[in-house]
Amino acid sequence: MDQSHIRNFCIIAHIDHGKSTLADRMLQLTGTISERDMQAQVLDDMELERERGVTIKASAVRMQYTAADGETYEMNLIDTPGHVDFAYEVSRALQACEGAVLVVDATQGIEAQTLANLYMALEHDLELVAVVNKIDLPAAQPDEVAQEIEDLIGLDAADVLQVSAKTGENVPQVLEAIVRRIPPPKGDRAAPTRALIFDSHYDSYKGVIAYVRVFDGVIRRTDTLRMMSTDTELEPVEIGIFNPHMQPTDSLSAGEVGYIATGLKTVRECRVGDTVTLAEGGAPEPLPGYKQAKPMVFAGFYPADNDDYDALRDALEKLQLNDASLVFEPETSQALNFGFRVGFLGLFHMEIIQERLEREYGLDLVATSPSVEYQVVLRNGDVIVITSPADLPDESEIAEIREPWMFIEIFSPEEYIGAIMELVTGRRGEYVSMEYLDAKRVLLKYRIPLAELIVDFYDRLKSVTRGYASLDYHFDSYRPERLVKLDVLVNKQPVDALAMIVHEDEAYRKGQKLVSRLKRLIPRQLFEVPIQAAVGKRVISRANVKALRKDVLAKCYGGDVTRKKKLLEKQKKGKKRLKMIGNVEVPQEAFMAVLRLNDDD
Amino acid sequence: MGNGEAFFGTLYGNIPAELALYIHIPFCEARCSYCAFNTYVGQRARVPAYVRALQAEMRLAAEALPRVPVSSVYFGGGTPSLLAVDELGALLETCADAFVLIPDVEITLEANPERLSPRDFRAWRALGFNRVSLGMQSAREDELRLFRRTHTLADVRAAVEAARAAGIPSLNLDLIYGVPRQTPAAWRESVQAALALAPDHLSLYSLGVEEKTLLHKQIARGRVPPPDPDLAADMYELAEELLARAGYRHYEISNWARDGHACRHNVHVWRNRPYLGLGAGAHGNVAGARYANLRRPSDYIARVAAVAAGDARSTLLAAPAAEEIAALTPADVYAETVILGLRLTEEGIAPCAFAARFGRDLWTLYGAQLRRLLAWGLLEQSDKGRLRLTPRGRLLANRVFVEFV
Ligand SMILES: Nc1nc2c(ncn2[C@@H]2O[C@H](COP(=O)(O)OP(=O)(O)OP(=O)(O)O)[C@@H](O)[C@H]2O)c(=O)[nH]1
Ligand code: SF4
Ligand SMILES: [Mg+2]
């Protein structure tokens, strides 16, 4: 197809504003998916996506659309996730496109990720088609929201399309607008071939599948290709397009989006962000790649059963192919043996990865409480970076600890200003500014330590604002703070996997909470188990798990030995899931106890 | 003695050729709040058919087994005392007819101390019952009410008197401790009230809150506090002391008896010897398998009738009404022998007896576990290496047993 008949666009929005549903209607209108294969949010094909009703991973699909001008266009659509943790997925998708459809929920108006994603699109010089969605809902205020888009984003309210992705109303106009307003790609088909890998996944038959956007030249099935950053050469197993499933083609030309089945088994040779060219007569310069996503949150992942270490590494490698933002390295813990320190873009990302490891790879994991990345200035002037409290050097060697602070923006109805203020300041946050978006909605800006943000801040925000507030954040700066390491001793032994770094003023309160929580989580053992929280040598809180005195079965009638044995077997299975720390059995949940320290029990 | 192999095969090892019978009567007047047993209320009309099914099951089982002497028959429930005298008589008659009962066979009847007359005891005695177990549960009205028991302490006293007058030679009382809101003083009161009745045997059960019971619901809803396990441990220790002083021997984790009054039937089971379970939901262990019968009386009755008519067949012929059958491996039998045997607090498990029975060395099989348990102070070794639960081990018996599963 000549480039003037190609349109590459993505759909961006705040979470739940209806991107995937809008994509459904487009797939239907263009006949890409038959009525029989149609289901709600059809592009969300991962089990976890369907179950939770959220998009986790961007997906690309090609459609053939015959427009009002009678011409047929090749439309490459990329549906993106809306959750703040997956902004990196969005940024990569944007780079493969010339335009974006910005969706805003007519009952919610502009929210935090609406703006965040909009700014990203503008940074990439994309043409925007703004759409107000869900106009079928009684609470919809399409005109007001269109006006809001004009006021806040500067797009003419008259150009904002008002649609219902659910009923399909006005969706054809969106396709028309895409054809008319989004420019075609302007690649040079005669130039040396250059294609950007904007995503990948692993297929057990075809190896790493690289999702590519061809910028210049042509890729043919028979070409020998070269990955520019690693100089790896390969003969593709297959090339093709997503329609919506993988469909082989003979070539992909400048301006087109498709895939290359590389046959490669590991991510190392085929990195997202790399440029693919031809082995012979290749391009001299790669395309601008991506900045590697910067993980914000780190946690130790350990196999519950030590024998599963290799399986865990394997699974993490496979997931990395699917999720370019995932990073990990081996880590050892006295308490938990061999595992990995894994970096995530946020807590939701961590939760998703943990769940995928457990479900898709059948692993039983122990996860430690999440931590952020600290900069530690030593007395000798060196600066080291740590992502695990266990790695913090001895107090006497430390000159200063710096922690990451975030800049956050909260969109909310004005009646919750007080509650939000209280929440943020209770977590060491500092006020920056407040502006009214309209008569009833405000945009609050703060700075807050990331460590405070990752511990259920978002959930608390949602609950104090009855779900009405939305949040966006980005890195602000590292700041020196009075931070200390809070050690936890179980039966007098420090447990590295339970240590945490806390603000000095909070050490006492957190130490007490942690100890009382652990006291409840650690089952009674055959002997008394003291649990202590300590800063340096100073014990700031202690409690004892009393020795177990009684564990007998009640009367079972009539010699029901089978039932007794079943109960004993259940008990034994339960014990197997416990981790031994010295001679104390500790349940897996204990290692995540820190996460809930802010709950009021 | 010692020729059991000929009867039961090598799986059970070298044991006396004796069988025990357990007969389940799954009917009660009302359901107690803590009860998760296989029992049903309001089914009086079904009893005659049920009795006939039991008789048929006995005959079918007896046909499938060698004619082994039966040393004990235990009527448990449910409430066996709900059966009319002639129904009990019919069952015992079939029993004596189908099986070989040894001359001094122990025949136990579980009875609820409500609406029992001296005439009942006299009739039972005449039928051959020589042991009666009374569900006293508590001496206190508040606890009996919490349990939804339908009798009073006065009923228990009257029943004991009647049993003695009728010449019942061995009498047991059941008590429950670790009850919500129960204080050690209240527990002492119940124990002393039971001792005042001079029973030959006492069974003290720790209250278990089982799912699907009324008590479980009440606790889940916060209407009744959950039992306190530490307090229950205190009560157990208190009872050990009181009963020792009164001359009872603590022969099993939950059972005490005067000399010569240990329950032969239960000791047989704890020694892991074969027994037949008859009736709905009854469990048995014969012919190298553990089995459980169909639980619902109607299903059970229909199944027995079908087997008797030749329309159905169980894979375990000795258990015509079995719903689940699990064949035992030698390893199962060794483990079960240890687990059950350690319940016998005086007898425990003697390596020499174990070797004589199975031709296997206990320490070779379970050295690691035994060493651990000795080190933890849950087991102790006495004369000639006999292994027994320590006083602490009795309260932590599950921690001991779990090592062997
Ligand atoms: N009534 C109505 N509901 C809609 C419409 N569009 C989407 N929804 C509903 O809104 C919810 C979210 O829709 P999705 O399409 O999954 O939203 P999304 O933007 O893809 O969400 P993420 O990918 O998780 O960010 C679903 O329950 C949809 O059924 C609409 O036009 N009208
Ligand atoms: S009498 Fe026994 S079997 Fe019947 S309901 Fe009460 S506890 Fe259960
Ligand atoms: Mg979606």
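Structure: above.
Residues numbered from 1 in each chain as written. Chains lettered and ligands numbered in written order. Predicted model: local features only at pLDDT ≥ 70, side-chain atom pairs only at ≥ 80, totals over all residues. Heavy atoms only, no water.

Please clarify how the pairing of strand β21 (residues 374-378) of chain A should be interpreted in this entry.
Each regular strand shows side chains that alternate between the opposite faces of the sheet. All names here are of chain A. The buried count for β21 comes to five of five residues, which makes it a mostly enclosed element. Across the two faces of β21 the burial is the same, with Y374, V376 and L378 and Q375 and V377 all buried. Sheet topology note: the β21/strand β22 (residues 383-386) ladder contains four bridges and is antiparallel. For Y374, the partnering residue across the bridge sits in β22 and is I386. Counting the residues in the hairpin turn of β21 and β22 gives four residues, including G381, whose phi is positive at 95°. (Buried < 20%, exposed > 50% of the residue type's maximum accessible area, 1.4 Å probe, protein only. Helix = DSSP H or I, 4+ residues; strand = E, 2+ residues; numbered from the N terminus. Pairing = 2+ DSSP bridges.)

Would you take a moment to explain the nonpolar core for this structure?
Side chains that are nonpolar tend, in soluble globular proteins, to be buried together. All names here are of chain B. Of all hydrophobic cores here, the largest spans 121 residues; its most connected members are F75, F121, L134, L276 and Y300. In terms of residue count, helix α2 (residues 47-64) provides more of this core than any other element does, 10 residues in total. The contacts of F75, once residues within four sequence positions are left out, are I23, P80, L88, L91, L92, I107, T108, L109, E110 and F129. (Core = buried A, V, L, I, M, F, W, Y, C linked by side-chain atoms within 4.5 Å. Contact = heavy atoms within 4.5 Å.)

Explain the pairing of strand β8 (residues 201-206) of chain B here, please?
Residue and element names in this part refer to chain B. With respect to burial, β8 is a largely interior element, six of its six residues being buried. Side chains H201, S203 and Y205 of β8 all project onto a buried face; the interleaved residues L202, L204 and S206 project onto the opposite face, where all are buried too. Pairing of strand β7 (residues 170-177) with β8 involves six bridges; the strand directions are parallel. Of the residues in β8, the one forming a bridge with D174 is S203. Between the parallel elements β7 and β8, the chain passes through helix α7 (residues 184-196) in a crossover that is right-handed. (Right-handed = clockwise from strand over helix to strand, strands pointing away.)

In this structure, what is going on with a negative patch on the surface? I would like to understand it.
On the surface, a cluster of negative charge is made up of A:E150, A:D151, A:D156, A:D159 and A:D438. Structurally, A:D156 is set in the loop between α5 (142-153) and β6 (161-162). (Patch = residues over 30% accessible without salt bridge, like charges linked within 9 Å, V, L, I, M, F, W, Y side chains within 5 Å. Areas by Shrake-Rupley, 256 points an atom, 1.4 Å probe, with all protein chains shown as cover. Salt bridge = Lys/Arg side-chain N within 4 Å of Asp/Glu carboxyl O. Lys, Arg positive; Asp, Glu negative; His and termini not counted. Charge placed at Lys NZ, Arg CZ, Asp CG, Glu CD.)

How should I be thinking about the coordination of the magnesium ion (ligand 3) in this particular structure?
Expected angles at a metal are 109.5 degrees for tetrahedral coordination by four donors and either 90 or 180 degrees for octahedral coordination by six donors. All names here are of chain A. Around the magnesium ion (ligand 3), the donor atoms from the protein are S20 (OG) and T55 (OG1), and they sit 1.9 to 2.0 Å away. Placement of S20 in helix α1 (residues 19-29) and of T55 in the loop between α2 (47-52) and β2 (59-66) is noted, with a sequence separation of 35 residues between them. Of the two residues examined, S20 and T55, each falls in the buried class. (Donors = N, O, S within 2.8 Å, 3.2 Å for Na, K, Ca; no water.)

Explain the sheet that holds β6(A) to me, please; I cannot follow it from the model alone.
Each strand in a sheet pairs with another by means of backbone hydrogen bonds, the pair being arranged parallel or else antiparallel. Residues and elements named next belong to chain A. Spatial strand order, β2-β3-β1-β4-β5-β6: six strands in an open sheet with mixed pairing. Both outer strands of the open sheet, β2 and β6, are each paired with one neighbouring strand and no more. Each of β1 (6-13), β4 (99-105) and β5 (127-133) touches helix α4 (residues 112-123); the most contacted strand, β1, lies at about 150° to it. (Axes fitted to C-alpha atoms, helices over the stretch in contact; angles between N-to-C directions.)

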